[in-house]
Amino acid sequence: MLSNISDRPQTNEETTIIGCGSVGSIMADNLSRRGNEKIHIVDDDKFEPHNVARHLLGSNHSHFSKAHSTVSKLKADTASGDHRAYFSKFEDLDQQVKANLLAKETIIDCTATDFIHSFNLSNYETNRVFRCYIANQGRLGIVQYCNPSKSSADFFDLDTCFLAHSAQDKELSNWLKNDLTSETVVGLSCSSTTLKMPLNVIQSHTSSFLSFIDNNSGPSAVMGINSLTEKHYPKEFKELIPPTFRRFQLKDHDEEWNTTITEDVKEQIFESSKLTRNEIGGFLIGNFDYNNKRICIIKCTVVRNAKSSVMSLELPPLFDDKDALALIESSSGGLKCLGTWHSHPGKSTPSQIDLNTLNEVRENSSDLPMPFLMFIQGKIKSDFSIKLGLPNVWK
């Protein structure tokens with residue numbers, strides 16, 4: 001009946017919601033009221049009195065499990081539903097339970113953390129995965145989608161795309177330039193700052209999140225940004241389609257790093273290499289995650305004033321590359337220079353100079369240790385090599 005009234009197709013699909021704070025509880029309520037009868041909610045937190053301001057639950061649920069109380073309320077409000085609650089952190093659940101929850105038709109991460117990065121979702125029978133959070137004092141709602149078995153981009157790639165988009169979006173850039181340690185992302189904190197965000201703001205964003213979820217089920221990853229004005233009036237919702245990524249497993253110091261590079265970057269490097277008989281090169285811009293051994297290269301620059309010959313190239317310092325600095329500054333340092341690229345007139349095999357450069361980088365990156373990529377483009381488009389250099393201080 002609920003699905004008919006809501007003009008939704010009747011379905012036996014199951015949904016897993018990870019995180020039952022403000023966003024997660026309201027998402028669950030909306031899904032239940034429109035006929036989703038199998039919702040699994042995971043959260044290790046208890047409901048506290050101050051949560052009343054922006055949560056589905058009322059004060060009568062104080063000091064009880066958010067997940068169990070929310071499931072009880074969903075069943076009571078709709079007089080139906082085979083919903084389940086798990087009073088635990090997701091990562092602490094039994095391995096088989098985790099696998100079962102990730103095998104549901106739709107997964108929604110409402111934790112407002114990056115915990116989803118630590119899961120290799122392609123190892124599970126996972127279909128649609130969404131990640132939702134609210135930032136910038138409630139003015140921005142961000143929702144991401146990928147299909148782990150079919151999308152070329154994962155959530156780390158989408159986060160990097162978000163940072164890169166800040167170069168074109170003044171609102172995003174201004175937010176990132178603020179002190180992010182003082183920013184409130186719903187679900188990360190129960191501080192007094194969080195309480196200053198009214199329930200109607202969260203409802204406005206979750207409404208757009210649900211529409212986004214309804215309309216994305218294909219193989220391609222996508223992001224949505226819901227913007228409100230300073231007075232919290234609706235402003236706009238825009239979808240961002242990320243570029244196609246190529247994935248590489250690179251190894252150094254006996255560590256394997258999962259590395260993605262956009263096809264756009266590879267294409268730009270090859271087309272630039274055809275512009276001159278001399279070697280040409282530039283910088284690789286992206287993001288990395290040390291804990292999860294993850295690198296994403298989203299942009300590259302082309303340095304026109306480098307000292308070069310047919311057999312050699314000397315790039316200027318990074319601070320002389322205005323394009324690279326603009327990307328880094330617009331993302332407030334979220335994007336970083338993670339290496340260089342250059343062309344070879346013949347094959348992409350690293351020269352002794354290239355190998356020496358990698359060794360120097362490994363040795364001299366102790367002040368601000370980061371992974372370093374060296375991308376070498378040969379004469380033929382399909383001939384390229386990528387070398388990874390990790391700081392020796394990480395050994």
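The coordinates are above.
**Q** Would you mind going over the pattern of salt bridges in detail, with residue names and values included?
**A** A full pass over the atoms with the stated rule returns 20 salt bridges. Aspartate 157 is paired through a salt bridge with arginine 294; the nearest N and O atoms lie 2.9 Å apart. Taken together, the residues aspartate 157 in helix 5 (residues 155-165) and arginine 294 in strand 12 (residues 294-300) connect sequence positions 137 residues apart. You can call aspartate 157 buried: its relative accessible area is 0%. Given a relative accessible area of 5%, arginine 294 falls into the buried group. For lysine 238, the salt bridge is made with aspartate 169, and the minimal N-O distance between the two is 2.4 Å. Of the two residues, lysine 238 is situated in strand 8 (residues 234-240) and aspartate 169 in the loop between helix 5 and helix 6 (170-177); the sequence distance between them amounts to 69 residues. Under the relative-accessibility criterion, aspartate 169 is labelled buried at 8%. Among the ionic contacts, a cluster of salt bridges with common partners joins Asp29, Arg33, Lys73 and Asp77.

**Q** Before we move on, could you go through the packing of helix 2 (residues 22-33) against helix 3 (residues 66-78) and cite the residues and values that matter?
**A** Taken N-terminus to C-terminus, the directions of helix 2 and helix 3 make an angle of 30 degrees; their axes are 10 Å apart at the nearest point. In terms of orientation, helix 2 and helix 3 fall into the roughly parallel class. Judged by the sense of rotation from one axis to the other, the crossing of helix 2 with helix 3 is right-handed. Where helix 2 abuts helix 3, its residues Ser25, Ala28, Asp29, Ser32 and Arg33 lie against Thr70, Leu74, Asp77 and Thr78. Counted by class, the contact of helix 2 with helix 3 contains two nonpolar, four polar and three charged residues.

Parameters and conventions
The numbers attached to residues start from 1 for each chain and follow its sequence in the written order. Residues qualify for local features only when their pLDDT is at least 70, as the model is predicted, and side-chain atom pairs are given and counted only at 80 or more; totals for whole chains, interfaces and linings, by contrast, use all residues. The basis for the side-chain values is all heavy atoms of the structure; hydrogens and waters are excluded. The rule for a salt bridge is simple: a side-chain nitrogen of Lys or Arg has to be within 4 Å of a carboxyl oxygen of Asp or Glu. We count a stretch as a helix when DSSP gives it H or I for four or more residues in a row; a strand needs E for two or more, and each element gets its number in order from the N terminus. The classification of residues rests on relative accessible area computed with a 1.4 Å probe and restricted to protein chains. Under 20% of the type maximum is buried, over 50% is exposed, and intermediate values are partly exposed. Axis definition: a line fit to C-alpha positions, over the contact stretch in the case of helices; interaxial angles, taken between N-to-C directions, run 0 to 180 degrees. Should an angle lie under 35 degrees it is considered roughly parallel, over 145 roughly antiparallel, and from 65 to 115 roughly perpendicular; all remaining angles are considered oblique. Crossing handedness is read from the near helix: turned anticlockwise from the far helix by less than a right angle, it gives a left-handed crossing, and turned clockwise, a right-handed one. Contacts between residues were defined by any pair of non-hydrogen atoms, one from each residue, lying within 4.5 Å. For this scheme, ten residues count as nonpolar: Ala, Val, Leu, Ile, Met, Phe, Trp, Tyr, Cys and Pro. Four count as charged, namely Asp, Glu, Lys and Arg, and the remainder, Gly too, count as polar.

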